[in-house]
Amino acid sequence: MKIAITSQNRRTVTAHAGRCRRFWVYDVEDGEIRERELLELAKTDTLHEVSPAIPAALRGVDILVSTGMCDNLVARLGRNGIQARQTACDEPDAALRELLA
């Protein structure tokens, strides 16, 4: 399973998922993290800019986690097979552990 977490500043989970250009992407298998990599999108490739599509780099993601995203984005992600989840966790690894618990 691939899980993307918004992290515009590369340190914390950030809001405004539609305009976010940086995501920590985790490959998780059987509840264990197999890989963690930073995905950086061009400004023209953000969820906001490519609407109503999904950026090519985020295709294949199963869950997108952020501290904030609008209802329209949640619906668009769902139509593209991506679950949208919101978290109150500031730290990406903690947000992932919370999601997997």
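Quick look at the structure, then.

Below, the discussion takes up the pairing of strand β1 (residues 2-6). Walk down a regular strand and you will see the side chains alternate between the two sheet faces. Taking burial as the measure, the 5 residues of β1 include 4 buried ones, the bulk of the element. Sheet topology places β1 next to strand β2 (residues 22-29); 5 bridges connect them, and they run antiparallel. When the sheet's bridge partners are listed, Ile5 is paired in β2 with Trp24. Where β1 lies against strand β4 (residues 63-66), 3 bridges are found, and the strand directions are parallel. The residue bridging Ile3 from the neighbouring strand is Ile63, located in β4.

Here the residue pair Ser51 and Pro52 is connected by a cis peptide bond, since its omega of 10 degrees sits within 30 degrees of zero. Counting through the fold element by element, Pro52 comes out in the loop between β3 (32-40) and β4. Phi angles above zero are rare outside glycine, and Arg10 is one such case at about 70 degrees. One can find Arg10 in the loop between β1 and β2. Its identity is not glycine, yet His16 carries a phi of approximately 55 degrees, on the positive side. For His16, the location among the structural elements is in the loop between β1 and β2.

Summarising burial for β2: 6 of the 8 residues are buried, a large majority. Summarising the sheet, β2 and β3 pair through 8 bridges and their orientation is antiparallel. Each residue of the ladder has a partner; that of Glu29, found in β3, is Glu32. With antiparallel pairing between neighbouring strands as the criterion, β2 and β3 make up a hairpin whose turn holds 2 residues, including Asp30 at a positive phi of roughly 55 degrees.

About the criteria used
Residues numbered from 1 in each chain as written. Predicted model: local features only at pLDDT ≥ 70, side-chain atom pairs only at ≥ 80, totals over all residues. Heavy atoms only, no water. Buried < 20%, exposed > 50% of the residue type's maximum accessible area, 1.4 Å probe, protein only. Helix = DSSP H or I, 4+ residues; strand = E, 2+ residues; numbered from the N terminus. Pairing = 2+ DSSP bridges.

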